[in-house]
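Overview (structure and organization)
So you can see what is in the structure, the chains are spelled out below.
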Amino acid sequence: MNQPSAGSAHVRPVGRPRAVPKELVGDVREEILTVAAALFERDGYSSTSTRAIGVAVGLRQASLFHYFARKEDILTELLDRTLRPTLDLAERMSLERLDADVALWMLTREDVANLCRGPHNLGALQLLPEVRSPQFGWFWRRRRQLFKEYSSQISRGIAAELLPYADSWATADLVFGLVESVITARPQLRRRATTPVVIADAALCLCGGRPTRIRTFPALVARFEDADEG
């Protein structure tokens, strides 16, 4: 292989120019989302410019638009990640194959785990005032869809006499509020590996589930997940 001579000019690899000399490792799109989440959480959405995101990542503003055409698209992806995994689970796993109280426990555990996942509190982004604007109406419709999934499992549990409370809508509202309490909880709580299970157990107790039965749910769900993967 020919080596460049000492006097030859350094040839830069072809690529998109960056605002600062920084080596981007891995998925650049994911790095943009991680950095944007931190800036939105710290400074707010309106106060965070695409230029600031680009500088923090190590990209010129024009290069950032190669990955996300608008700042709104970044927030859209981050918000969707607070809902999509749990909704996907409910669809993929066909929770109706489980007893309703077990399905509710599994749904709650996955929802809490998703809200606690990652280095930043993505759930708190729904508290941004800009998310109440019409362009983010899709988020509230999707969130309502998730709420209905909770209500559906609770209704099944009441009908099967596994859960004693008769008002499925009010009970679902209480459970949903318990799940989303992790959004405003101390960071230490979100980082604990046991938090999803603790809150899932509490949600079933809130619905009137029997503690001796609830204790069997982790093993039941583990077997269900193993069978589904198999």
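Residues numbered from 1 in each chain as written. Predicted model: local features only at pLDDT ≥ 70, side-chain atom pairs only at ≥ 80, totals over all residues. Heavy atoms only, no water.

This next bit is on helix 12 (residues 217-229). Taking 1.5 Å as the rise per residue, helix 12 with 13 residues should run 18 Å; its terminal C-alpha atoms sit 18 Å apart, in good agreement. Taken together, the buried positions of helix 12 are occupied by Phe217, Val221 and Phe224. For helix 12, the buried positions fall inside an angular range of 60° around the axis, keeping them on one side. Facing away from the buried side of helix 12 by over 90 degrees, the exposed positions are Arg223, Asp226, Ala227 and Glu229. (Helix = DSSP H or I, 4+ residues; strand = E, 2+ residues; numbered from the N terminus. Expected span 1.5 Å × (residues − 1). Buried < 20%, exposed > 50% of the residue type's maximum accessible area, 1.4 Å probe, protein only. Arc of directions from axis to C-beta.)

One finds Ile32, Phe40, Ile53, Ile74, Leu75 and Tyr150 to be the most contacted residues of the largest nonpolar core, which totals 61 residues. In terms of residue count, helix 6 (residues 100-116) provides more of this core than any other element does, 9 residues in total. Once you skip the residues sitting within four places of it in the chain, Ile74 turns out to touch Ile32, Leu33, Ala36, Phe40, Ile53 and Phe68. (Core = buried A, V, L, I, M, F, W, Y, C linked by side-chain atoms within 4.5 Å. Contact = heavy atoms within 4.5 Å.)

Mapped onto the elements of the fold, Ser168 is located in helix 8 (residues 168-180). Judged by its relative accessible area of 16%, Ser168 is buried. Reaching out from Ser168, the side chain makes a polar contact with the side chain of Ser155 at a distance of 3.1 Å. (Polar contact = N/O pair within 3.5 Å; in protein donor to acceptor, adjacent residues only side chain to side chain.)

Take the pattern of salt bridges next. When the charged atoms of two side chains lie near each other, side chains of opposite charge can form a pair. Under the criterion given, the structure shown has 13 salt bridges. Between Glu77 and Arg81 there is a salt bridge; the shortest N-O distance is 2.7 Å. Owing to a relative accessible area of 23%, Arg81 belongs among the partly exposed residues under this scheme. Between Arg84 and Asp80 there is a salt bridge, with its nearest N and O atoms 2.6 Å apart. Residue classification places Asp80 among the buried residues on the basis of a relative accessible area of 14%. Through salt bridges with shared partners, one network takes in Glu30, Glu77, Asp80, Arg81, Arg84 and Arg142. (Salt bridge = Lys/Arg side-chain N within 4 Å of Asp/Glu carboxyl O.)

With that settled, the discussion passes to the confidence of the model for the protein. When the pLDDT values of the protein are averaged, the result is 89; 88% of them are 70 or greater. No element of the protein has a lower mean pLDDT than helix 12, which averages 89, and none a higher one than helix 4 (residues 71-80), which averages 98. (pLDDT = per-residue confidence, 0-100.)

Before going further, it helps to spend a moment on the packing of helix 5 (residues 84-93) against helix 6. Two elements in contact, helix 5 and helix 6, have axes whose closest approach is 9 Å; the angle formed by their N-to-C orientations is 150°. Taken together, helix 5 and helix 6 sit at an angle that is classed as roughly antiparallel. With respect to the hand of their crossing, helix 5 and helix 6 are arranged in right-handed fashion. Here helix 5 contributes Pro85, Thr86, Leu89, Ala90 and Met93 to the contact with helix 6, which in turn contributes Met106, Leu107, Glu110, Asp111 and Asn114. The residue makeup of the contact of helix 5 with helix 6, split by class, is 6 nonpolar, 2 polar and 2 charged. (Axes fitted to C-alpha atoms, helices over the stretch in contact; angles between N-to-C directions. Parallel < 35°, antiparallel > 145°, perpendicular 65-115°, else oblique. Left-handed = near helix turned anticlockwise from the far one by under 90°. Nonpolar A, V, L, I, M, F, W, Y, C, P; charged D, E, K, R; others polar.)

It is worth spelling out the environment of Ala166 at this point. One can find Ala166 in the loop between helix 7 (137-159) and helix 8. For Ala166, a relative accessible area of 74% puts it in the exposed group. On a C-alpha basis, the gap between Ala166 and Cys207 in space is 9.7 Å, while along the polypeptide they are 41 residues apart.

Before going further, it helps to spend a moment on helix 5. Three or more residues of helix 5 are buried, namely Thr86, Leu87, Leu89, Ala90 and Met93. End-on view of helix 5: buried residues confined to an arc of 155°, all on one side of the axis. Of the surrounding elements, those touching the buried residues of helix 5 are helix 6, helix 7 and helix 12. Phi turns positive one or two residues past the end of helix 5, at Ser94, with a value near 50°.

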